[in-house]
Structures are given as structure tokens and as C-alpha cells.
Amino acid sequence: MHDESEVAVLRLGHRPGRDERMTTHVGLTARALGADRVWVPDNAGQSRDTVADITDRFGGPFEVELTDSPQRIIRNWEGRVVHLTMYGERVQDVESEIRDAHQRDGEPILVVVGAEKVPFDVYEEADWNVGVTNQPHSEVAGLAVFLDRLFDGRELEREWEDADRRVVPMETGKRVESADGAHDGE
Ligand SMILES: C[S@@+](CC[C@H](N)C(=O)[O-])C[C@H]1O[C@@H](n2cnc3c(N)ncnc32)[C@H](O)[C@@H]1O
């Protein structure tokens, strides 16, 4: 997180209409679970706007950007690349190696998640192809589990800066305060 080298997420592929919520949720999950930025494809402007709006309201720092060339981001990344795929090595077998690269060696990490079929180049360019189980499921679920393993749970303690509002955790009910402490919700 902030005092560590960067963790970025790259969403590969976006089918307008069909992938709108998935791409948005990749961005929201990247933000909530400790990544510093997400790139989404340039046809996913609506997802970019939603993630930027949530960051404005609930805090950051977090960057969301469009890219017209996701594979150029992979090629130019100055750090290590983790591609999440059901065909990859088991996360529990490689997580400590990836954590060492990030936390001990200070390597920035780019986490790549797909939408539809991922080009084989990505498998070859990645430093690790990682499976969160070797069962088919979702890029959002895979990303959440992977980030939690990468940060060893520390992302759950993260403080948010420049938030307009914050949720007050409650056993029952919903309470949202504005950043100056005024009661703002139900
Ligand atoms: C719905 S899947 C489609 C994958 C596609 N069939 C392929 O061959 O790449 C979309 C994305 O979810 C992620 N994903 C799905 N299952 C996963 C798993 N078990 N572990 C890690 N990531 C997974 C991958 O990033 C994948 O690109």
C-alpha cells in the first residue's frame, strides 16, 4: 500500500453492455483491497467514471485510467507481472515468492485480469500465471483473494484520505458520516 512500491491492476478486454458491472467491480475491488491504480480499456469509460466517483466520495488515493493499449502497459511495466488465470500455478504455492518480490525487493506489481479469452502472449509475458483455485470463476473474486494474500490482510486496516464520507461500522443498521463528523445517512 502507500509506504510500499506500487500495486496496479490491469483489466484486459471489455464487452460494452455485458461487462459493465464486472469492469466496474474490478476497479472498485482494486481500490477497496489496497491497489494504487487500475487501468480499464478505453471502451469502458462508464466504469472509469463510476470508480472515480466512488474515490471522490469515499477517499483515496486511488487512480483510475483508460488505456487504448493494455498490452503496451504489460510490456512497459517496470516491475513484476502477475496474470490471474484458472490455468496458472496455485496461489498458495507462489504467494510467498510474489510477496518477497514486492515487500522485500520493492518490486512494483501489475496484476492482470481478463474478461474473455486472454491472448497467449499475456501468459508468456507474465512473471507468474496464478490460479485462485484451478476452477473457473470470476476476475473480481480472483482479484480480491489475490490482493488479500499479497498484502497479508493489512489492506483491511487501510486509512482513506480526502473522503467526503465514511461508513461507521455497526452491528445492525446503516450509518454514514460526512468527513467533518456530521450524521449523513440512515
Ligand atoms: C470469466 S474468466 C474467462 C477466462 C477465459 N476463459 C480464458 O481462457 O482466459 C475472466 C477472468 O477471470 C479470472 N479468473 C477466472 N477464474 C480464475 C481463477 N480460478 N483464478 C484466477 N483468476 C481467475 C481470469 O483473470 C480470467 O481472465
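Before going into details, it helps to say that this report is about the structure given with it. (Residues numbered from 1 in each chain as written. Predicted model: local features only at pLDDT ≥ 70, side-chain atom pairs only at ≥ 80, totals over all residues.)

### Topic: the packing of helix 4 (residues 91-104) against helix 6 (residues 139-151)
Argument step 1. The interhelical angle for the contact between helix 4 and helix 6, taken along N-to-C directions, is 55 degrees, at an axis separation of 9 Å. In terms of their interaxial angle, helix 4 and helix 6 are classed as oblique. The hand of the helix 4/helix 6 crossing is right-handed. Facing Val-91, Glu-95, Ile-98, Arg-99 and His-102 of helix 4, the residues of helix 6 in contact are Val-145, Phe-146, Arg-149 and Leu-150.
Argument step 2. For the contact of helix 4 with helix 6, the class distribution of residues is 5 nonpolar, 1 polar and 3 charged. (Axes fitted to C-alpha atoms, helices over the stretch in contact; angles between N-to-C directions. Helix = DSSP H or I, 4+ residues; strand = E, 2+ residues; numbered from the N terminus. Parallel < 35°, antiparallel > 145°, perpendicular 65-115°, else oblique. Left-handed = near helix turned anticlockwise from the far one by under 90°. Contact = placed C-beta atoms within 7 Å. Nonpolar A, V, L, I, M, F, W, Y, C, P; charged D, E, K, R; others polar.)

### What about helix 6?
Argument step 1. Taking 1.5 Å of rise per residue, the 13 residues of helix 6 would be expected to cover 18 Å, and the 18 Å separating its terminal C-alpha atoms lies within 8% of that figure.
Argument step 2. Restricting attention to buried positions, one finds in helix 6 the residues Glu-139, Gly-142, Leu-143, Phe-146, Leu-147, Leu-150 and Phe-151. For helix 6, the angular spread of the buried residues around the axis is 140 degrees, confining them to a single face.
Argument step 3. Those residues of helix 6 that are buried are in contact with strand 1 (7-11), helix 1 (20-32), strand 4 (80-90), helix 4, strand 5 (109-113) and strand 6 (128-131).
Argument step 4. Once helix 6 finishes, Asp-152 follows within two positions and takes phi at roughly 55 degrees, a positive value. (Expected span 1.5 Å × (residues − 1). Buried ≥ 20, exposed ≤ 12 C-beta atoms within 10 Å, placed from the backbone. Arc of directions from axis to C-beta.)

### Observations concerning the packing of helix 1 against helix 2 (residues 45-58)
Argument step 1. The geometry of helix 1 relative to helix 2 is characterised by a closest axis approach of 9 Å and an angle of 35 degrees between their N-to-C directions. In this structure, the crossing between helix 1 and helix 2 has a hand that is right-handed. Here helix 1 contributes Glu-20, Thr-23, Thr-24, Gly-27, Leu-28 and Arg-31 to the contact with helix 2, which in turn contributes Gln-46, Ser-47, Thr-50, Val-51, Ile-54 and Thr-55.
Argument step 2. Counted by class, the contact of helix 1 with helix 2 contains 3 nonpolar, 7 polar and 2 charged residues.

### Here's the deal with helix 4
Argument step 1. End to end, helix 4 covers 19 Å across 14 residues, agreeing with the expected 20 Å (1.5 Å per residue, within 8%).
Argument step 2. The inward-facing, buried residues of helix 4 abut strand 4, strand 5, strand 6 and helix 6.
Argument step 3. Once helix 4 ends, the next one or two residues include Gly-106, with phi positive near 70 degrees.

### A short note on the environment of Glu-161
Argument step 1. Within the secondary structure, Glu-161 sits in the loop between helix 6 and strand 7 (165-167).
Argument step 2. Between the C-alpha atom of Glu-161 and that of Gly-59, which follows or precedes it by 102 residues, the distance is 5.2 Å.

### With respect to unusual backbone geometry
Argument step 1. The omega torsion of the bond from Gly-60 to Pro-61 falls at 5 degrees, within 30 degrees of zero and hence cis.
Argument step 2. For Pro-61, the position within the fold is in the loop between helix 2 and strand 3 (63-67).
Argument step 3. With a phi angle near 70 degrees, Thr-133 is a residue other than glycine that sits in the positive phi range.
Argument step 4. Relative to the helices and strands, Thr-133 is located in the loop between strand 6 and helix 6.
Argument step 5. Despite not being glycine, Asp-162 has its phi angle at roughly 60 degrees, a positive value.
Argument step 6. Summarising the element assignment, Asp-162 is placed in the loop between helix 6 and strand 7.
Argument step 7. For Asp-162, a count of 11 C-beta atoms within 10 Å translates into the label exposed.

### Description of the site of the ligand
Argument step 1. By nearness alone, 17 residues border the ligand, and Leu-84, Met-86, Gly-114, Glu-139 and Gly-142 come closest of all.
Argument step 2. Looking at the shell around the ligand, the elements with two or more residues in it are strand 4 and helix 6.
Argument step 3. The element best represented in the shell around the ligand is strand 4, accounting for 3 residues.
Argument step 4. Here the shell around the ligand is built from residues that sort into 7 nonpolar, 8 polar and 2 charged. (Near = placed C-beta within 6 Å.)

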